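Okay, here's what each chain looks like letter by letter:
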Amino acid sequence: MDKKDRSILALLQTDARLSVSDIAERISLSTTACWKRMQRLHEEGFIRQQVCLLDSAKLGLGVTVFVSIKTSHHDLQWLRRFALGVRDLPEVVEFYRMSGETDYLLKVVVPDIQGFDRVYKKLIQIVDLFDVSSSFAMEEIKYTTALPLDYI
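Just so it is clear, the model here is predicted, and its values are computed rather than measured.

Visitor: I tried to follow the pattern of salt bridges on my own but got confused; where do I start?
Guide: Under the definition given, this model contains seven salt bridges. Arg37 is paired through a salt bridge with Asp2; the nearest N and O atoms lie 2.8 Å apart. Of the two residues, Arg37 sits in helix H3 (residues 31-43) while Asp2 sits in the segment before helix H1 (3-14), which places them 35 residues apart along the sequence. Here Asp2 falls in the partly exposed class, since its relative accessible area comes to 31%. It is possible to trace a salt-bridge network through shared partners that takes in Asp2, Asp5, Arg37, Arg40 and Glu44.

Here is the structure:
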């Protein structure tokens, strides 16, 4: 991973619609050399996928909820069942196993509070949970999918 690779990644995570020739021109590479680097970055897994980011508010999905979950179960069978159940909920857009007081943290996107209530009812049917605490985002101050490439 060199400076040119980081530059390609920085450009792509800002706008994945850029053509290979546009990227090549911006980082002073030939189109062929740039294309080869991009292919290698894909093959080596630095680029997992290229997607479109949608506007949740325009799509009527204006409520973001962070759900903290505590459990008294810490075995693999419980975790597998829970993870599979949560993955089946399209409203859950992020899902983490945590350290500290919270065991799992979910980010849920829904149209309204009733939509979250439906997700909550599905969630508590998956497995036995000790505590579920939900916090509704009042305002999105920063949102990005761009990773900080200065560290690599």
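Visitor: How do you make sense of unusual backbone geometry when you look at a structure like this?
Guide: Working note: non-glycine residues mostly have negative phi, and peptide bonds are mostly trans. Residues other than glycine seldom take positive phi values, yet Ser28 does so here, at roughly 60°. Turning to its location among the elements, Ser28 is positioned in the loop between helix H2 (20-26) and H3.

Visitor: What is the right way to read the packing of aromatic side chains from this model?
Guide: Two aromatic rings, taken as a pair, are described by how far apart their centres are and by the angle between their planes. Scanning the model with the defined rule gives seven aromatic pairs in all. With a centroid separation of 5.8 Å and 40° between ring planes, the pair formed by Trp78 and Tyr104 is classed as tilted. Remark: Tyr104 occurs in strand E3 (residues 104-110) and Trp78 occurs in helix H4 (residues 76-87); sequence separation between them is 26 residues. For the pair Trp78 and Tyr104, one class covers both residues: buried. Here a set of aromatic residues connected by ring pairs shows up, and it is made of Trp78, Phe82, Phe95 and Tyr104.

Visitor: How should I be thinking about the side chain of Thr71 in this particular structure?
Guide: With respect to the element layout, Thr71 can be found in the loop between strand E1 (63-70) and H4. Once residues lying within four places of it in the same chain are set aside, the contact partners of Thr71 are Trp78, Asp103, Tyr104, Asp128 and Phe130.

Procedures and definitions
Residues numbered from 1 in each chain as written. Predicted model: local features only at pLDDT ≥ 70, side-chain atom pairs only at ≥ 80, totals over all residues. Heavy atoms only, no water. Salt bridge = Lys/Arg side-chain N within 4 Å of Asp/Glu carboxyl O. Helix = DSSP H or I, 4+ residues; strand = E, 2+ residues; numbered from the N terminus. Buried < 20%, exposed > 50% of the residue type's maximum accessible area, 1.4 Å probe, protein only. Phe/Tyr/Trp six-rings, centres within 6.5 Å; stacked < 30°, edge-to-face > 60°. Contact = heavy atoms within 4.5 Å.

Take it as geometry only, folks, not as evidence of what the structure does.
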